[in-house]
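Survey of secondary and tertiary structure
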Amino acid sequence: PKNINYNKRLVSLGAESLVDVWNIHIYGKNYENIVGGNGVADFVNGLSVPVWVTETGKTGVTQQLEYGQRMWPFLQEKMNRLERIYLYEYGSSAAPEESFGLHTTTAEQPVSDLYIYLRDN
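Read on for a plain summary of the structure. Computed from a predicted structure; not experimentally measured. (Residues numbered from 1 in each chain as written. Predicted model: local features only at pLDDT ≥ 70, side-chain atom pairs only at ≥ 80, totals over all residues. Heavy atoms only, no water.)

Some remarks on the overall build of the protein
For the protein, the count of helices and strands is five helices and five strands. Written out in order from the N terminus, the α and β elements of the protein read α-β-α-α-β-α-β-β-β-α. C-alpha extents for the protein along the principal axes are approximately 50 × 25 × 25 Å. In the protein, buried positions account for 35% of the 121 residues. Looking at the protein alone, contacts between residues at least 24 apart form 70% of all its contacts between residues at least 6 apart. Accessible surface for the protein amounts to roughly 7300 Å². Of this, 51% is attributable to carbon and sulfur atoms. (Helix = DSSP H or I, 4+ residues; strand = E, 2+ residues; numbered from the N terminus. Buried < 20%, exposed > 50% of the residue type's maximum accessible area, 1.4 Å probe, protein only. Contact = heavy atoms within 4.5 Å. Areas by Shrake-Rupley, 256 points an atom, 1.4 Å probe, with all protein chains shown as cover.)

Below is the structure:
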């Protein structure tokens, strides 16, 4: 709620006329923050510029594919100004269960399930 109110204030001050694209970050499974009464979707659908999700993802190299398959179509359905979705992190030295990265530095799990899916499809 603080971030959405901050963004609304920026728009009210004219920031939208100064940008080509409005970017947002979305993590986790907080669907109510996207479509609720004061949701992100209502805000971005009211913008006149395209919207990019410039950071998104889920921790855990075995959970990224499921997150992308569920969350990204949901965002595309709810946000009519959405043009692009970018992953937060390509590579990470964090432990596999804490990593947002498609690549890790561990020998046991050097790539995420999402990386494997993208590579093979």
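Let us keep going from here.
Some details on the nonpolar core
Grouped together as the largest cluster of nonpolar side chains are 24 residues, with contacts concentrated most on Ile-24, Ile-26, Leu-75 and Met-79. Residue assignment for this core shows that the elements contributing at least two residues are β1 (22-27), α3 (40-45), β2 (51-57) and α4 (64-78). For this core, the element with the highest residue contribution is α4, accounting for six residues. Look past the residues within four positions of Ile-26 in its chain and what remains in contact with it is Ile-34, Val-53, Glu-55, Thr-56, Gly-57, Tyr-67, Met-71, Leu-75 and Met-79. (Core = buried A, V, L, I, M, F, W, Y, C linked by side-chain atoms within 4.5 Å.)

With respect to the packing of aromatic side chains
Considering all chains together, one arrives at six aromatic pairs under this definition. When the centroid spacing of 6.0 Å and the interplanar angle of 65° are considered together, the rings of Trp-22 and Phe-43 count as edge-to-face. In this pair, Trp-22 is assigned in strand β1 and Phe-43 in helix α3, connecting sequence segments 21 residues apart. On the basis of relative accessible area, Phe-43 is assigned to the buried category, the value being 9%. With 6.2 Å between their ring centres and 85° between their planes, Tyr-67 and Trp-72 make a pair best called edge-to-face. Residue Tyr-67 is classed as buried on the basis of its relative accessible area of 1%. We classify Trp-72 as buried; its relative accessible area is 17%. Feature note: the residues Tyr-27, Tyr-88 and Phe-100 constitute an aromatic cluster, connected by ring pairs. (Phe/Tyr/Trp six-rings, centres within 6.5 Å; stacked < 30°, edge-to-face > 60°.)

A word on the pattern of salt bridges
Tallying each qualifying case throughout the model produces three salt bridges. Put simply, Arg-70 and Glu-66 hold a salt bridge, and the shortest N to O gap is 2.6 Å. Here Glu-66 and Arg-70 lie together in helix α4, a separation of four residues that amounts to about one turn. Judged by relative accessible area, Glu-66 falls into the partly exposed class, the value being 39%. Its salt-bridge partner being Arg-119, residue Asp-120 comes within 2.8 Å of it at the nearest N-O pair. (Salt bridge = Lys/Arg side-chain N within 4 Å of Asp/Glu carboxyl O.)

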